[in-house]
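Architecture at a glance
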Amino acid sequence: NVVSGISHTIKENAVSDLVIGLHRKARLTESFYGKLSTDLLAAVERQIMIYRATIPLNTVRHLRVLLPRKVEFEPGFAHAMHRLELLAGQISCAVDVYSGKETLTALKAYWQGKAATLTACYREYVSWTDFLPLAHDSRPDDLIVFVCARRGTLSHHSYMDRLPDQIERYFSARGILLLYP
């Protein structure tokens with residue numbers, strides 16, 4: 001079993017992050033994530049990043065990060081934000097963060113407390129049911145980062161179940177990163 005093999009390897013080697021590519025659907029009946037990604041999300045208690053590249057990573061000029069409300073209370077929040085800071089620094093790109101007011105305040109405090117070199121624009125955004133305004137602002141050299149939450153966690157909301165449909169509808173031609181702390 002591939003999932004149990006990956007899970008055991010992660011535990012044996014104390015891996016903190018798993019990066020996998022987004023499944024490409026061959027048929028309409030297949031799920032957005034694919035069976036491997038779905039099973040890994042259920043089996044692995046580590047940060048998982050699911051990446052779909054449309055352009056080379058070193059040509060990304062802008063990160064647009066969407067955070068669900070209350071994600072700052074998740075145990076993996078600090079680690080996830082540190083990884084995003086590293087990513088933005090390594091590819092030298094601008095960062096726009098979208099979330100609710102309390103979450104943006106917590107993120108600002110986290111990055112300022114760590115003396116981060118990251119300069120970010122913080123924008124209040126709470127409509128995870130319609131990404132049309134964000135899609136209009138995005139460009140082909142943007143990487144759209146969705147910080148997601150596993151089912152049953154504090155920051156998981158019912159609108160996340162519709163996230164795959166929203167991504168396919170508005171960001172089918174954009175690079176995306178689904179980050180599960």
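Read on for a plain summary of the structure. (Residues numbered from 1 in each chain as written. Predicted model: local features only at pLDDT ≥ 70, side-chain atom pairs only at ≥ 80, totals over all residues. Heavy atoms only, no water.)

1. Things to note about the sheet that holds strand 3 (residues 62-66)
With respect to topology, seven strands assemble into an open sheet ordered 1-2-7-6-3-4-5, the strand pairing being mixed. What marks the edges here is a single partner per strand, and that holds for strand 1 (17-21) and strand 5 (120-124). Sheet twist, expressed as the average angle between the axes of neighbouring strands with direction ignored, equals 20°. Pairing geometry for strand 3 and strand 4 (residues 94-99), over five bridges, is parallel. Bridge pairing in strand 4 links R64 to D96. (Pairing = 2+ DSSP bridges. Helix = DSSP H or I, 4+ residues; strand = E, 2+ residues; numbered from the N terminus. Axes fitted to C-alpha atoms, helices over the stretch in contact; angles between N-to-C directions.)

2. Thoughts on helix 2 (residues 35-43)
For helix 2, the set of buried residues is S37, L40 and L41. The arc that holds every buried residue of helix 2, seen down its axis, measures 100°, which confines them to one face. Away from its buried face, by an angle of more than 90 degrees, helix 2 presents the exposed residues K35 and A42. (Buried < 20%, exposed > 50% of the residue type's maximum accessible area, 1.4 Å probe, protein only. Arc of directions from axis to C-beta.)

3. So, the side chain of E72
Residue placement: E72 occurs in the loop between strand 3 and helix 3 (77-91). Comment: no salt bridge for buried E72; closest opposite-charge side chain is K70, at 8.5 Å. When neighbours within four sequence positions are excluded, E72 is seen to be in contact with F77, E102, T103 and A106. (Lys, Arg positive; Asp, Glu negative; His and termini not counted. Salt bridge = Lys/Arg side-chain N within 4 Å of Asp/Glu carboxyl O. Contact = heavy atoms within 4.5 Å.)

4. What to know about the nonpolar core
Judged by nonpolar contacts, the single largest core of 30 residues is most densely connected at I48, L66, F131, F146, F171 and L178. Excluding its chain neighbours within four sequence positions, the residues that come into contact with I48 are L18, I20, L40, L41, R150, L178, L179 and Y180. Listed in part, the 27 residues of the second largest apolar core include L84, L87, A88 and C93. (Core = buried A, V, L, I, M, F, W, Y, C linked by side-chain atoms within 4.5 Å.)

5. Notes on the pattern of salt bridges
On inspection of all chains with the given rule, the structure shows five salt bridges. A salt bridge links R64 to D96; the shortest N-O distance between them is 3.2 Å. You can see R64 sitting in strand 3 and its partner D96 sitting in strand 4, a full 32 residues away along the chain. According to the relative accessible area criterion, R64 is buried, its value standing at 6%. One salt bridge connects D96 with R123, and the closest N-O pair in it is separated by 3.4 Å. Within this pair, whereas D96 is found in strand 4, its partner R123 is found in strand 5, the two being separated by 27 residues in sequence.

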